[in-house]
Amino acid sequence: FEDEIGVTRPPNDQEQRRGGDGRGSGGSGGGGCWWGDKMDTVLAIKGADFVLTMADTNNARSIVVFKRDEDKIFGIDSNKLLAMSGVPADNVTFGEYVQRNMKLYELEHGTKLSTHAAANFIRHELATALRRGPYQTNLLLAGYDEGVGPQLYWCDYLAAMQKVNFGVHGYAAYFCYGIFDREWKEGMTLDEAKEVLRKCAHELRTRFLVAMPTFKVKVVDASGTREIPLEDEA
């Protein structure tokens with residue numbers, strides 16, 4: 001249903017069930033420090049006229065890997081990507097929720113939300129859910145707007161948001177932020193950004209305890225969104 005400002009929200013009983021499953025108050029799910037969230041790897045880097053995103057393709061819980069072809073990067077419209085880590089159910093639920101509301105806004109107003117506006121919508125929805133039944137999901141929003149250029153926003157499940165040049169979620173942050181700090185520069189080309197992501201992938205495969213054999217890479221620029229190869233797969 002829709003509230004008074006035209007935003008489609010899930011019914012209250014769904015919110016209550018989501019908030020009452022034990023993930024938000026300690027125990028094995030514990031207040032945002034759950035195992036599954038940190039095992040996901042999503043990262044992104046902004047270049048001269050694009051944003052490049054990368055995510056691992058593992059779908060796992062506890063000590064079991066269910067599959068290795070999971071797509072954790074949502075295309076929420078033709079010029080925005082949402083890379084998500086966390087509880088898989090919440091990733092899908094919140095990702096589709098954002099996707100549908102972006103389309104609803106476009107149909108009602110005849111124009112798309114800018115990346116900045118979409119980031120603030122997402123932050124507002126996470127903050128609202130935080131007081132009802134939190135979405136256990138962290139995300140990176142990448143977009144490209146005419147006249148503005150590429151933009152990248154980092155946001156966590158507590159609705160903290162920041163515009164950044166590069167960002168990481170998960171344990172991968174311990175391995176990749178040093179690479180980003182050293183390698184990122186203003187006006188990077190696509191090939192230079194891909195090389196940085198290759199270094200991150202190599203570091204994770206070499207140093208990280210969890211096996212991450214494959215990664216999915218997507219780019220957003222003036223031409224829209226598309227998947228591209230990382231070109232270092234065995």
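Engineer: Help me understand the pairing of strand β4 (residues 64-67), please; the structure alone is not making it clear to me.
Structural biologist: Two faces, one strand: in a regular strand the side chains alternate between the faces of the sheet. Bridge analysis of strand β3 (residues 59-61) against β4 gives three bridges, and the strand direction is antiparallel. Residue pairing across strands places Arg61 opposite Val64, the latter belonging to β4. Here β3 folds back onto β4 in antiparallel fashion, the turn holding two residues, of which Ser62 has a positive phi close to 55°.

Engineer: Could you clarify how one ought to interpret the pattern of salt bridges in this entry?
Structural biologist: Where charged atoms from two side chains of opposite charge come close, those side chains can pair. Here the structure, examined in full by the defined rule, presents 14 salt bridges. Glu70 is the partner of Lys67 in a salt bridge, and the nearest nitrogen-oxygen pair spans 3.2 Å. Of the charged contacts, one joins Lys216 and Glu227 as a salt bridge, the two residues approaching to 3.3 Å between their closest N and O atoms. Taken together, the residues Lys216 in strand β11 (residues 215-221) and Glu227 in strand β12 (residues 224-228) connect sequence positions 11 residues apart. Residue classification places Lys216 among the buried residues on the basis of a relative accessible area of 17%. One network of salt bridges, with partners in common, ties together Asp40, Asp56 and Lys72.

Calculation rules
- Residues numbered from 1 in each chain as written.
- Predicted model: local features only at pLDDT ≥ 70, side-chain atom pairs only at ≥ 80, totals over all residues.
- Heavy atoms only, no water.
- Pairing = 2+ DSSP bridges.
- Helix = DSSP H or I, 4+ residues; strand = E, 2+ residues; numbered from the N terminus.
- Salt bridge = Lys/Arg side-chain N within 4 Å of Asp/Glu carboxyl O.
- Buried < 20%, exposed > 50% of the residue type's maximum accessible area, 1.4 Å probe, protein only.

These values are about where atoms sit, not about what they do.
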